[in-house]
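Understanding the architecture of this molecule
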Amino acid sequence: SMNTLNPTQVQRFRKLFPELDEDLAVVVLLYATGATQSEVAEILGLSSRRPIERMLKEVAKQMALSSVPTIRVVVQNRLYFALLDFLAR
């Protein structure tokens, strides 16, 4: 399940997103899989989605994206291209 993210998965994800620190990478990874901000907060044991919203807004700004939902598009694209590169080996 989503709340069993292990450190190895997070480190692999960070190879595709070296600009994200570990905390942001975890939030982005969970959000990009389709979890709502509230669900991400719940998975991480937070009582409010506000910190998640702030973190995602920070990521969107850092990546020069027009909106938070666009983060999902960027994640999908980097994953697809990484997979295609892997399959081409």
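Placed above this text is the structure.
Each value, and the rule that gives it
Residue positions are given per chain, counted from 1 along the sequence in the order it is written. Reporting in this predicted model follows two pLDDT cut-offs: at least 70 for local features of residues, and 80 or more for side-chain atom pairs to be given and counted; totals over whole chains, interfaces and linings ignore these cut-offs and use all residues. In computing side-chain values, all of the structure's heavy atoms are included and hydrogens and water are not. The helix and strand labels rest on DSSP assignments: H or I over at least four residues marks a helix, E over at least two residues marks a strand, and numbering proceeds from the N terminus. Restricting the calculation to C-alpha atoms gives the radius of gyration, and the globule rule supplies 2.2 Å times the number of residues raised to the power 0.38. Under the scheme applied here, a residue whose accessible area is under 20% of the maximum for its type counts as buried, over 50% as exposed, and between as partly exposed, the area being computed with a 1.4 Å probe on protein chains only. Here, two residues are considered to be in contact whenever any of their heavy atoms come within 4.5 Å of each other. Accessible areas in this description were obtained via Shrake-Rupley with a 1.4 Å probe; residue shielding takes into account the shown protein chains only. Within this scheme the basic residues Lys and Arg register as positive and the acidic residues Asp and Glu register as negative, but His and the chain ends are omitted. A charged residue contributes its charge at one atom only: NZ of Lys, CZ of Arg, CG of Asp or CD of Glu. Working definition of a nonpolar core: buried Ala, Val, Leu, Ile, Met, Phe, Trp, Tyr and Cys residues. They are joined through side-chain atoms within 4.5 Å.

**Comments concerning the overall build of the chain**
The helix and strand inventory of the chain stands at five helices and zero strands. In the chain, the succession of helices and strands from N to C terminus is α-α-α-α-α. In terms of overall dimensions, the chain is globule-like: its C-alpha atoms have a radius of gyration of 13 Å, near the 12 Å expected for 89 residues. Taken along its principal axes, the extent of the C-alpha atoms in the chain is 45 × 30 × 20 Å. For the chain, the residues scored as buried account for 30% of the 89 residues in total. Residue pairs at least 24 apart in sequence account for 51% of intrachain contacts in the chain once pairs closer than 6 positions are excluded. Carbon and sulfur atoms make up 55% of the accessible area of the chain, which amounts to about 5,800 Å² in all. Counting 11 positive and 9 negative side-chain charges, the chain places the averaged centre of each group 3 Å from the other.

**Remarks on the nonpolar core**
If you look at soluble globular proteins, the nonpolar side chains tend to sit buried side by side. If you look at the biggest cluster of nonpolar residues, it comprises 25 residues, and the most contacted ones within it are Val28, Leu56 and Ile71. Elements represented by at least two residues in this core include exactly helix H1 (7-16), helix H2 (22-32), helix H3 (37-43), helix H4 (50-62) and helix H5 (70-87). Considering every element that reaches this core, the biggest residue donor is H2, with nine residues. If we ignore the near neighbours within four places in the chain, the residues touching valine 28 are Phe13, Leu20, Leu56, Val59, Ile71 and Val75.

**Re the environment of serine 38**
Structurally, the position occupied by serine 38 is in helix H3. The spacing of serine 38 and isoleucine 52 is 14 residues in sequence and 8.0 Å in space, taken between C-alpha atoms.

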